[in-house]
Amino acid sequence: MANRTVKDAKNVHGTNPQYLVEKIIRSRIYDSKYWKEQCFALTAELLVDKAMELRFIGGVYGGNIKPTPFLCLILKMLQIQPEKDIIVEFIKNEEFKYVRALGAFYLRLTGTAIDCYKYLEPLYNDNRKLRRQNRQSNFEIVHVDEFIDELLRNDRVCDIILPRIQKRHILEENNELEPKVSALDDDLDEEMPSDEDNALEKSAPERKSKADRLKRRSRSRSEERKERRPDRKREDKDRERERERRDREMRDRDRDRRMRHDRQEDRDRERRRDYYKERDRRRY
């Protein structure tokens, strides 16, 4: 009874909301200590207090697949299905960054494509750091804007398969979504020099102009590093996936080699047994 979805819950993407989490992970969450002790009889009002106590995000970890408290609260939200206004307040919460991450992940699971782009894209301006626990139980640093980019681009985040959403350019072509306005555009406009600025720069000392150029160059490099950061993470994932594929092929080849060796030994054993039987028969 404690693990059932509330009676008045609506289907999400045509299915029970809890089924958005895979069955194996869902059963691990039901058996976890945090779910039994901290999530029992949890309501939407009490969920806020539990969300404020979060200290890291993550999916499952360890060899026996233990769920993190972040993942347990996600499943609890799918079970009780809080109002959309509560989720929006989670996302707009600027004081507690893990509450914001919890609301953003739940909205990405249950919301429409328009809601995802409408409420999650403004979080690209949040550069605060988050602690994330990986499958090896180690903690790593990820920024809020990186986490939001993963939610909008990747197929799996925190070991949960995310529902597919429409591409942004398709919604823009159908006039369902306004064109994206980056917060960096204002900074670039401010950095573009006017005619008066050019005149002042010409009259200013050469040392000041060099310092300004160095500042702009360092700022552009930092922005480029920030843009390349998701690509680097995807490249690391691709390399890790390729390494796992090679290891799996090597294990398969070793297994086939051992099987061929065993079959050859069995055939040799049969031949020796037949030879000795024939020799004994001729002798006697």
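This report concerns the structure included in the present document. Computed from a prediction, not measured in an experiment: that's the story for all the values here.

## With respect to the sheet that holds strand β4 (residues 129–133)
Part 1 of the reasoning: With mixed pairing, three strands are arranged side by side in an open sheet as β1-β4-β5. Because the sheet does not close on itself, it has two edges, and the strands there are β1 (57–58) and β5 (139–143).
Part 2 of the reasoning: Looking at chain direction, β4 and β5 are connected through five bridges and run antiparallel. Note on β5: the bridge partner recorded for Lys 129 is His 143.
Part 3 of the reasoning: Each of β1 and β4 touches helix α6 (residues 97–110); the most contacted strand, β4, lies at about 65° to it.

## Regarding the layout of surface pockets
Part 1 of the reasoning: Here the largest pocket defines a volume of roughly 920 Å³.
Part 2 of the reasoning: Around the largest pocket, the lining comprises 24 residues; the ones closest to its centre are Arg 135, Arg 156, Asp 159, Lys 237 and Glu 240.
Part 3 of the reasoning: Residue assignment for the lining of the largest pocket shows that the elements contributing at least two residues are β4, β6 (156–157) and α12 (206–283).
Part 4 of the reasoning: For the lining of the largest pocket, the element with the highest residue contribution is α12, accounting for eight residues.
Part 5 of the reasoning: A per-class count over the lining of the largest pocket returns three nonpolar, six polar and 15 charged.

## Quick notes on the nonpolar core
Part 1 of the reasoning: Ranked by internal contacts, the top residues of the largest apolar core, which has 56 residues, are Phe 70, Leu 102, Phe 105, Leu 120 and Phe 147.
Part 2 of the reasoning: If near-sequence neighbours (up to four positions away) are discounted, Phe 105 is found in contact with Phe 70, Ile 74, Phe 147, Leu 151, Val 157, Cys 158, Ile 160 and Leu 162.

## Some words on the environment of Gln 133
Part 1 of the reasoning: Along the chain, Gln 133 turns up in strand β4.
Part 2 of the reasoning: The class of Gln 133 is buried, set by a relative accessible area of 9%.
Part 3 of the reasoning: Through-space distance from the C-alpha of Gln 133 to that of Ile 57 is 6.4 Å; in sequence the pair is 76 residues apart.
Part 4 of the reasoning: Ignoring anything within four residues of it in the chain, the contact list for Gln 133 reads Phe 56, Ile 57, Gly 58, Gly 59, Tyr 61, Thr 68, Asn 138 and Phe 139.

## Quick notes on the packing of α6 against helix α7 (residues 113–120)
Part 1 of the reasoning: As a packed pair, α6 and α7 sit with axes 8 Å apart at the nearest point and diverge in direction by 160°. Relative to α7, α6 is oriented roughly antiparallel. Regarding α6 and α7, the two cross each other, and that crossing is left-handed. Here Ala 104, Leu 107 and Arg 108 of α6 come into contact with α7, specifically with Asp 115, Cys 116, Tyr 119 and Leu 120.
Part 2 of the reasoning: Residue classes in the contact of α6 with α7 are distributed as five nonpolar, no polar and two charged.

About the criteria used
- Residues numbered from 1 in each chain as written.
- Predicted model: local features only at pLDDT ≥ 70, side-chain atom pairs only at ≥ 80, totals over all residues.
- Heavy atoms only, no water.
- Pairing = 2+ DSSP bridges.
- Helix = DSSP H or I, 4+ residues; strand = E, 2+ residues; numbered from the N terminus.
- Contact = heavy atoms within 4.5 Å.
- Axes fitted to C-alpha atoms, helices over the stretch in contact; angles between N-to-C directions.
- 1 Å grid on protein atoms, 1.4 Å probe; cavity = no way out; pocket = protein on both sides within 12 Å on 5 of 7 lines; lining within 4 Å.
- Points joined across faces, edges and corners; volume = space filled by probe spheres on them.
- Nonpolar A, V, L, I, M, F, W, Y, C, P; charged D, E, K, R; others polar.
- Core = buried A, V, L, I, M, F, W, Y, C linked by side-chain atoms within 4.5 Å.
- Buried < 20%, exposed > 50% of the residue type's maximum accessible area, 1.4 Å probe, protein only.
- Parallel < 35°, antiparallel > 145°, perpendicular 65-115°, else oblique.
- Left-handed = near helix turned anticlockwise from the far one by under 90°.

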